[in-house]
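Topology and contacts: notes
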Amino acid sequence: MSNLGTITRGDDEVIQLTVRNGDKTIRNITGDSFVFTMKRSKFDSTHLVQKASGSGIVKTNTAGGQIEVTLDNDDLLVLDRETRYPAELEVTDSGGKKATTPFTVDFLLDLA
């Protein structure tokens, strides 16, 4: 789970994630690409926010499995105050194999 704390509308927010293998060891993400998706409900077919490698997602430590997902002001305009959103991170390895991990994002918005 990622808890973003309080976000002020107009600010950008960075979500830091560590990618792990199925056995919970840290994954070397050198050849991997990513898609981060946030929805209003896990059953929705459309997303509220979606980011991909090179377009909102950057690798910050490939050997340590660390990435950053940047949500900008336009992304935050569609979110409601004090809401838990289902999210998922899809990882595609260099061979094209995909694995998706669901989690939630707790979002508290300061409307100042």
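Below is a summary of the structure that appears in this document. (Residues numbered from 1 in each chain as written. Predicted model: local features only at pLDDT ≥ 70, side-chain atom pairs only at ≥ 80, totals over all residues. Heavy atoms only, no water.)

**What to know about the overall build of the chain**
As a reminder of what qualifies: Counting from the N terminus, the helices are DSSP H or I runs at least four residues long and the strands are E runs at least two residues long. Partly exposed describes any residue whose relative accessible area lies between the buried limit of under 20% and the exposed limit of over 50%, with all areas from a 1.4 Å probe on protein chains only and scaled to the type maximum. In this description, contact between two residues means that some pair of their heavy atoms is separated by no more than 4.5 Å. Note on areas: Shrake-Rupley, 1.4 Å probe, and residue coverage restricted to the protein chains presented here.
A count of helical and extended segments in the chain gives one helix and eight strands. When the elements of the chain are put in sequence order from the N terminus, they spell out β-β-β-β-β-β-α-β-β. Relative to its full complement of 112 residues, the chain shows a buried share of 32%. Put simply, 62% of the contacts in the chain that link residues at least 6 apart link residues at least 24 apart. Looking at the chain as shown, the accessible area adds up to about 6,500 Å², and 45% of this sits on carbon and sulfur atoms.

**A short note on the environment of Ile 15**
For Ile 15, the location among the structural elements is in strand β2 (residues 13-18). The exposure class assigned to Ile 15 is buried, which follows from its relative accessible area of 1%.

**Describing the pattern of salt bridges**
Our working definition: When a carboxyl oxygen of Asp or Glu is within 4 Å of a side-chain nitrogen of Lys or Arg, the pair counts as a salt bridge.
Applying the stated criterion across every chain, the model contains four salt bridges. Between Asp 32 and Arg 27 there is a salt bridge, and its shortest N-O distance comes to 2.6 Å. According to the relative accessible area criterion, Asp 32 is buried, its value standing at 6%. Note that Lys 51 is salt-bridged to Asp 72, the shortest N-O span being 3.9 Å. With a gap of 21 residues between them, Lys 51 in strand β4 (residues 49-53) and Asp 72 in the loop between β6 (66-71) and α1 (73-76) connect regions that are remote in the sequence.

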